[in-house]
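Analysis of the macromolecular model
These are the residues of each chain, in order.
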Amino acid sequence: MRRMQKIQLTIDGCEVSVRRGTTLLEAADAVGIDVPRLCHLPGRDPRAVCRLCVVAIEGERALVSACSTRAEQGMVVDASGPRLRARRRVVMELVLAEHGEHGGGPCEVELLAEELGVEQTRFAPQPRVPSPGGSEYALVESEACIRCDRCVRACERGVITRKGRGPGAHLAFDEGRALSASSCIACGDCLVVCPAGGLRLRGLFPRA
Ligand code: SF4
Ligand code: SF4
Ligand code: FES
């Protein structure tokens with residue numbers, strides 16, 4: 001049987017041994033080092049759009065996203081230093097500028113902002129494309145959406161896609177229908193992963 005190849009690296013002074021191909025975020029998780037994240041969805045390809053998981057690799061000038069950077073033998077990684085904490089607070093302000101009001105209580109975005117010590121944003125609110133409309137079970141609030149694409153990756157039927165670019169980027173169901181008129185089977189997977197209240201449960205949610 002082929003042995004799994006392991007590599008060793010150091011994160012925040014802690015020696016970590018992981019199999020080749022592991023991301024820095026997974027390596028940090030393996031030893032209990034908490035790296036903030038919003039767009040990360042375990043088991044799915046990284047989008048690396050929120051930039052909250054930035055870490056510093058010794059010898060490299062630019063910060064990298066831990067969720068999309070593979071660990072390499074001998075890497076020395078700073079995952080929690082003051083430079084990173086300052087950068088994450090600015091990044092969180094940018095996220096909050098995208099994140100409008102929504103119902104349903106505090107969401108993952110707001111809880112993480114609180115954890116990072118960010119109470120408000122200096123940046124102007126981002127204009128949004130109007131919501132495509134929800135369903136009997138799901139509320140869609142584009143004002144709250146931070147465009148993390150977790151829902152796009154969670155929907156195994158491919159109902160949800162991302163349309164447009166930059167400030168005009170928005171979600172579409174079956175290329176432009178309301179969720180209620182789409183091929184959605186109401187499995188709820190997209191609602192469970194949304195960190196922002198952009199897609200939320202309207203009431204009791206029957207499994208398909
Ligand atoms: S409820 Fe399920 S099928 Fe419907 S859009 Fe969400 S993930 Fe896709
Ligand atoms: S609706 Fe939620 S999960 Fe989907 S892109 Fe927006 S914030 Fe992310
Ligand atoms: S969690 Fe890594 S960029 Fe969002």
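Here is what the cut-offs are and how they apply
Residues numbered from 1 in each chain as written. Chains lettered and ligands numbered in written order. Predicted model: local features only at pLDDT ≥ 70, side-chain atom pairs only at ≥ 80, totals over all residues. Heavy atoms only, no water. Near = heavy atom within 4 Å. Nonpolar A, V, L, I, M, F, W, Y, C, P; charged D, E, K, R; others polar. Domains from an automatic or database assignment. Contact = heavy atoms within 4.5 Å. Buried area = accessible area lost by both parts, 1.4 Å probe. Salt bridge = Lys/Arg side-chain N within 4 Å of Asp/Glu carboxyl O. Polar contact = N/O pair within 3.5 Å; in protein donor to acceptor, adjacent residues only side chain to side chain. Pairing = 2+ DSSP bridges. Helix = DSSP H or I, 4+ residues; strand = E, 2+ residues; numbered from the N terminus. Expected span 1.5 Å × (residues − 1). Buried < 20%, exposed > 50% of the residue type's maximum accessible area, 1.4 Å probe, protein only. Axes fitted to C-alpha atoms, helices over the stretch in contact; angles between N-to-C directions. Parallel < 35°, antiparallel > 145°, perpendicular 65-115°, else oblique. Left-handed = near helix turned anticlockwise from the far one by under 90°. Patch = residues over 30% accessible without salt bridge, like charges linked within 9 Å, V, L, I, M, F, W, Y side chains within 5 Å. Areas by Shrake-Rupley, 256 points an atom, 1.4 Å probe, with all protein chains shown as cover. Lys, Arg positive; Asp, Glu negative; His and termini not counted. Charge placed at Lys NZ, Arg CZ, Asp CG, Glu CD.

1. A closer look at the site of ligand 1
In the vicinity of ligand 1, the residues found are Cys155, Val159, Ile160, Leu179, Cys184, Ile185, Ala186, Cys187, Gly188, Asp189 and Cys190. Each residue belonging to the shell around ligand 1 can be placed in one class, and the counts come to nine nonpolar, one polar and one charged.

2. Quick notes on the domain arrangement of the protein chain
As assigned here, the protein chain comprises domain 1 (6-80) and domain 2 (89-201). The interface is formed by 15 residues belonging to domain 1 together with 19 residues belonging to domain 2. Where domain 1 abuts domain 2, roughly 1,300 Å² becomes buried across the two surfaces, and 61% of that area is made up of carbon and sulfur atoms. Summed over the three residues of domain 1 that lose the most area to domain 2, namely Leu38, Leu41 and Arg47, the buried surface amounts to 46% of that side. Inspection of the region where domain 1 meets domain 2 yields two salt bridges. Summed over the shared surface of domain 1 and domain 2, the number is seven residue pairs in polar contact (both at pLDDT 80 or more).

3. Thoughts on the pairing of strand β2 (residues 14-19)
The side chains of a regular strand alternate, first on one face of the sheet and then on the other. As paired elements, strand β1 (residues 6-11) and β2 share six bridges and run antiparallel to each other. Of the residues in β2, the one forming a bridge with Ile7 is Val18. The loop that links β1 with its antiparallel partner β2 comprises two residues; one of these, Asp12, has a positive phi angle of about 50 degrees.

4. Focus: the site of ligand 2
Around ligand 2, the surrounding shell holds 13 residues, and the nearest of these are Cys145, Cys148, Asp149, Cys151 and Cys194. Among the residues making up the shell around ligand 2, the classes are represented as nine nonpolar, no polar and four charged.

5. Things to note about helix α2 (residues 82-98)
Look at α2: 25 Å from first C-alpha to last across 17 residues, which is about the 24 Å you get at 1.5 Å a residue. Residues Leu84, Arg88, Val91, Met92, Glu93, Val95, Leu96, Ala97 and Glu98 constitute the buried set of α2. Buried residues along α2 sit against β3 (54-57), β5 (76-78) and α3 (108-115).

6. So, the packing of α2 against α3
At their nearest, the axes of α2 and α3 sit 11 Å apart, and the two run at 150 degrees to each other. Here α2 is positioned roughly antiparallel relative to α3, judged by the angle of their axes. Handedness of the α2/α3 crossing: left-handed. Of the residues in α3, those touching α2 at Met92, Val95 and Leu96 are Val109, Leu112 and Ala113. Of the residues belonging to the contact of α2 with α3, the class tally is six nonpolar, no polar and no charged.

7. Structural notes on unusual backbone geometry
In the Ramachandran plot, Asp12 falls in the positive-phi region, its phi being about 50 degrees despite a non-glycine side chain. Among the secondary structure elements, Asp12 is positioned in the loop between β1 and β2. Look at Asp12 and you get partly exposed, because its relative accessible area is 34%. For Asp174, which is not a glycine, the phi torsion comes out positive at approximately 45 degrees. If you trace the backbone, Asp174 turns up in the loop between β8 (170-173) and α5 (189-193). Overall, the relative accessible area of 24% leaves Asp174 in the partly exposed class.

8. Overview of a negative patch on the surface
Taken together, the side chains of Asp34, Glu114, Glu115 and Glu119 present a region of like negative charge at the surface. Positionally, Asp34 belongs in the loop between α1 (24-30) and β3. Overall, Asp34 belongs to the exposed group, its relative accessible area being 55%.

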